[in-house]
Amino acid sequence: MAKEDQKEKKFSRRDFLKTTGVATGGIIGGSLLGGSVGMNLNSVMPAQEEETSQTEETGGEETGGNENPGRMFFHNDADFETISQAMERIFPEDDLGPGAIKLGVPYFLDMQLAGAYGNNTKEYMQAPFYEGETTQGYQSRLTRAELFTLGIKALNTESQNDFDNDFSSIEDGQKDEILTKFQDGDADLGIPRAAGKPEDFFRLLRSATLQGAYADPLYRGNRGMEGWKMKNFPGHQHAYIQQIDTDSFQEIEPQSLYGGK
Amino acid sequence: MVTELDKVDVVTVGVGWTGGIIAAEAAKAGLNVMGLERGHERGTEDYQNVHDEYKYAIRYELMQNMSKETITFRNTRDQRALPMREMGSFLLGDNLGGAGTHWNGQTWRFLPYDFEIRSMTEEKYGEEKLKDDEGYRIQNWGITYDELEPYFDKFEKTAGISGEPNPLGGDRSDDYPTPPMIKTRSLKMFEEAANSMGYSPIMMPSANLSEAYENPDGQSIQACQYCAFCERFGCEYGAKSSPEVTVIPAARETGNFEVRPHSNVVEVMKDEDDDSKVTGVRFIDTQTGEEFFQPADVVVLTSYLFNNYKLLRVSEIGEQYDPETEEGTLGRNYCYQIFGGAVGFFDEQFNTFMGAGALGMAFDDFNGDNYDHSDLDFLHGGNMAITQTGARPIATNTTREGTPSWGAEFKKESIENYTRTLRVQAQCATLPHKNNYLDLDEEYTDAYDIPLVQLTYNFTDQDRSVQKYTIDRAAEVMEEMGANEIKKDTVVEDYDIVPYQSTHNTGGTVMGDDPEKSVVNNYLQHWDRDNLFVVGAGNFAHNGGYNPTATVGALAYRCAEGVIEYAEDNRRLE
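Computed from a prediction, not measured in an experiment: that's the story for all the values here. (Residues numbered from 1 in each chain as written. Chains lettered and ligands numbered in written order. Predicted model: local features only at pLDDT ≥ 70, side-chain atom pairs only at ≥ 80, totals over all residues.)

Turning next to the overall build of chain A. Looking only at helices and strands, one finds 11 helices and 0 strands in chain A. In chain A, the succession of α and β elements from N to C terminus is α-α-α-α-α-α-α-α-α-α-α. Considering only intrachain contacts with a sequence separation of at least 6, the fraction spanning at least 24 residues in chain A is 62%. (Helix = DSSP H or I, 4+ residues; strand = E, 2+ residues; numbered from the N terminus. Contact = placed C-beta atoms within 7 Å.)

Turning our attention to the confidence of the model for chain A. Considering every residue of chain A, the mean pLDDT works out to 82; 75% of them sit at 70 or more. In this model residues 1–63 of chain A is a low-confidence stretch, pLDDT under 50, and it forms 63 contacts with partners more than four residues away in sequence or in other chains. (pLDDT = per-residue confidence, 0-100.)

What follows covers the environment of Ile71(B). All names here are of chain B. With respect to the secondary-structure elements, Ile71 resides in strand E4 (residues 71–74). Residue class for Ile71 comes out buried when judged on the 25 C-beta atoms lying within 10 Å of it. Between the alpha carbons of Ile71 and Asn307 there is a distance of 9.9 Å; along the sequence they are 236 residues apart. Setting aside its immediate chain neighbours within four residues, Ile71 contacts Met84, Phe306, Leu452, Val453, Gln454 and Leu455. (Buried ≥ 20, exposed ≤ 12 C-beta atoms within 10 Å, placed from the backbone.)

Glancing now at the sheet that holds strand E14 (residues 360–363) of chain B. Residues and elements named next belong to chain B. Reading across the sheet, the 6 strands line up as E6-E14-E15-E16-E13-E19 and stay open at both edges, with antiparallel pairing between neighbours. Strand pairing shows two members of the sheet lacking a second neighbour, strand E6 (202–203) and strand E19 (485–488), which therefore form its edges. Alignment of strand E13 (residues 338–345) against strand E16 (residues 421–428), held across 8 bridges, turns out to be antiparallel. Across the sheet, Phe339 pairs through a bridge with Gln427, a residue of E16. The strands touched by helix H7 (residues 185–196) are E14, strand E15 (382–387) and E16; relative to E14, the strand with the most contacts, the crossing angle is about 15°. (Pairing = 2+ DSSP bridges. Axes fitted to C-alpha atoms, helices over the stretch in contact; angles between N-to-C directions.)

The feature "domain: Glucose-methanol-choline oxidoreductase N-terminal" (unreviewed entry), as given by UniProt, occupies residues 143–334 of chain B in the numbering adopted here. Segment residues 143–334 of chain B splits into 23% helix and 19% strand. End C-alpha atoms: 19 Å apart. (UniProt positions renumbered as here; feature names shortened; annotations may be inferred.)

A few words now on the packing of helix H8 (residues 144–163) of chain A against helix H10 (residues 198–214) of chain A. Residue and element names in this part refer to chain A. Closest axis-to-axis distance for the H8/H10 pair is 9 Å, and the angle between their directions is 105°. By the angle class used here, H8 and H10 are roughly perpendicular. Contacts between H8 and H10 involve Arg144, Leu147, Phe148, Leu150, Gly151 and Ala154 from the first element and Pro198, Asp200, Phe201, Leu204 and Leu205 from the second. Residue classes in the contact of H8 with H10 are distributed as 8 nonpolar, 1 polar and 2 charged. (Parallel < 35°, antiparallel > 145°, perpendicular 65-115°, else oblique. Nonpolar A, V, L, I, M, F, W, Y, C, P; charged D, E, K, R; others polar.)

Residue and element names in this part refer to chain B. Most of E16 sits out of view: 8 of its 8 residues are buried. Burial along E16 is two-sided: the residues Thr421, Arg423, Gln425 and Gln427 and Leu422, Val424, Ala426 and Cys428 are all buried. Pairing analysis gives 5 bridges linking E15 to E16, with the strands arranged antiparallel. Bridge pairing links Gly382 to Cys428 in E16.

Looking now at the UniProt feature "domain: Glucose-methanol-choline oxidoreductase C-terminal" (unreviewed entry) in chain B. Here, UniProt's "domain: Glucose-methanol-choline oxidoreductase C-terminal" (unreviewed entry) annotation points to residues 432–556 of chain B. The straight-line gap between the two end C-alpha atoms of residues 432–556 of chain B is 22 Å; of that span, 22% is helix and 18% is strand.

With that out of the way, let us pick up helix H5 (residues 77–90) of chain A. Spacing of three or four residues puts side chains on the same side of an α-helix, whose turn is 3.6 residues. Residues and elements named next belong to chain A. With 14 residues, H5 ought to run about 20 Å at 1.5 Å a step, and its terminal C-alpha atoms sit 20 Å apart, in line with that. For H5, the complete set of buried residues consists of Thr82, Ile83, Gln85, Ala86, Met87, Glu88, Arg89 and Ile90. For H5, the elements touching its buried residues are helix H6 (105–114), H8, helix H9 (172–183) and H10. (Expected span 1.5 Å × (residues − 1).)

We now examine helix H1 (residues 17–28) of chain B. All names here are of chain B. Taking 1.5 Å per residue as the helical rise, H1 with its 12 residues ought to reach 16 Å, and the 16 Å between its terminal C-alpha atoms agrees with that figure. Burial analysis of H1 places 11 of its 12 residues in the buried class, the great majority of the element. Within H1, the full set of buried residues consists of Trp17, Thr18, Gly19, Gly20, Ile21, Ile22, Ala23, Ala24, Glu25, Ala26 and Ala27. Gly30 sits one or two residues past H1 and shows a positive phi near 95°.

It is worth spelling out unusual backbone geometry at this point. Most peptide bonds take the trans form, and the phi angle of most residues other than glycine is negative. That bond from Ala127(A) to Pro128(A) is cis: its omega, 0°, falls within 30 degrees of zero. If you trace the backbone, Pro128(A) turns up in the loop between helix H7 (116–119) and H8. For Glu326(B), which is not glycine, the phi dihedral falls at a positive 60°. Classification of Glu326(B) by C-beta neighbours within 10 Å gives partly exposed; the count is 15. Residues other than glycine seldom take positive phi values, yet Asn333(B) does so here, at roughly 60°.

All names here are of chain B. Read across the sheet, 4 strands follow the order E5-E4-E18-E17 without closing on themselves; strand pairing throughout is mixed. Among the strands making up the open sheet, the edge pair consists of strand E5 (82–83) and strand E17 (437–445). As paired strands, E17 and strand E18 (residues 451–456) are joined by 5 bridges and run antiparallel to one another. Bridging across to E18, Leu438 finds its partner in Leu455. Of the strands in this sheet, E4, E17 and E18 are in contact with helix H9 (residues 305–314), which crosses E18 at around 120°.

In this complex, chain A contributes 59 residues to the contact, which on the side of chain B involves 62 residues. Only helix H2 (13–19), helix H3 (24–29), H5, H10 and helix H11 (226–231) of chain A provide two or more residues apiece to the side of chain A that touches chain B. Classifying every residue of the side of chain A that touches chain B by side-chain character gives 26 nonpolar, 20 polar and 13 charged.

Residues and elements named next belong to chain B. Taking burial as the measure, the 8 residues of E13 include 6 buried ones, the bulk of the element. Pairing of E13 with E19 involves 4 bridges; the strand directions are antiparallel. In the strand pairing of E19, Ala342 is matched with Lys488.

Okay, the environment of Leu210(A) next. Turning to its location among the elements, Leu210(A) is positioned in helix H10. For the pair Leu210(A) and Phe182(A), spaced 28 residues apart in sequence, the C-alpha to C-alpha distance is 18 Å. In contact with Leu210(A), other than residues within four places in its own chain, are Phe91(A), Ile394(B) and Asn397(B).

Given below as structure tokens:
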């Protein structure tokens, strides 16, 4: 843990600014950004070299990040395996690169479900609850964590019913059939539709998968920034002012917020 | 127990663009101003790790906490209004600077046609064209573009806007204070196509500044670094004009202005002895729970339009609009926005991940009444634009028609198209209809036990027609730009509160020259209460084909003039 903390500290932006000899105020007030053409901060980024050597020292994990960073929400291995398999079908590994599992997306979801996202702390959750029109949006009393818990259970019930096996043990094509039932609202979540809808679970499953694939590695997904690399998104770059007027496509090595992978 | 504070000359409810402008102008004029801000303090120094799409863009770090307050919504009166439980269609800002912190910075002046839409339409096409009989309630704003022009100029100079003249916009008394931003490959393709089709493209007026600038108040705004994190983010460089880097410090430097954060105003207090006056506001300190009364000679409501409306309504100031009888004015003319666009697929890869919130080109050949509507079944139109605001990977997953929304094919397509698609779209006006309005909800309340605002809204035939028309025009531009394949937008049916569309909500507290059809006069002074002003996009009698902030800023400067005049001689302004 101590090592991880050190690593994070080493690449924090604050430290970067210190090492380049300018405090934030200095950059903003000074000539660096004063003119119409500023300086590309990346060209003086010292962190990339250090990062390489650090990776070698620690043995160099292929995809970066921690293969098993631990779980905060899923305390049942089978549940975690079920949701991992479902996420992999949403964003599968292919010749372009890793899928949800290798990207660490299930661990991203795990941390999200344990916090504000899972507990709907920023959403209006006051009663009474009524089933609304689709244009009125989500109207269930279930938090996202509760909906995922029900959804995982229902994934297994549906696949037991249709294929006599748990979701994580059926064929890819069969998994897709099950997921499609959720997407279309045809699956049984085990509670009345007025209380919670399978398509809402599917919507969260899909969006969380994409979020985990492409969020900063800070959130435990997008391992090795492989999600960004597939998409050619350079992540956290200080500025593009030196390239913004170039007509040709620029391939830029991605950078995460705190130097994490 | 309510603690009474020392009286101030002016109190603003909310400190974003409008509150900041009122505060700066009034404080410079020697008035003592208190800004009550229900969120917390913040500024450039708080955005040092802001390049985080998940935290800011997806989880809405800078937005209102919906667990405390939201609105309820229904498409039509025969439905039960239900709370907007998650943020979606629009993003309610929060904290010092409000939505002026997380905006993109596209800073257009509404057209001369917008302010006199009823009389100009009637004169050119006849009264029938206004479709009063179909429930449309198109009205003039009680102010003309020419009257508002000096205030537009003032706002642009405060914000340092980077731009170039628009041959199809209103007359200008001066150039933009800073030159346009840098033109990118995709912008040049759009410009070339638009020129060859006979349109008049210009660089979009931008609050992400092309060069460092010192405004007339002596405040510095830095040069944009094109980092591509504007909308939904704060600017770590102080290069996006926002209240925290312009009007708020200008107000503070006078020594006459104080911001009181964590202060949620719950009521405007009416003068019990004089029914033409208010005495101040009652607020709750959100950290301690204490209640205060802030007496003031002038009260200015400067929060987002839903809250401006709500405070008037719960304070029982003015008469609520009734869609049956069409009596009352508070809540009427709520409008939104609709987009007509097309996506083009290319072999070439573009630097879509670079950009700035207001980096774009646009033309107004299909906006306002810049084109003939004689044979069209709608009025108005929209500003047709291409922007390079910085595509981010979680939110940008463009696929061809018929592609599944998940799985292998989706993954391949969305990755491939991330840098290979461009979009052209018109940001269309929506016009008021008698069935679209704000009210107070009878069932749901906020964290202070005050009813939520209830929105009844649906798109109209007018909206769908203007959308359909502009989709086709956008697709033509895309074709001219050389796209291999074009995906046109689908014409919407019912307004849906779920997907993000636009934070350009307007109306509810509209301005005008007729107290029977408006809430405030053209100084944004309340018709019933002389020392109460209400300013913001809620004053718009309809929504135009542009982003609203320049017009909001101009109205705030107009309002500030009214506040200062009123403070001098305590009379109605005309």
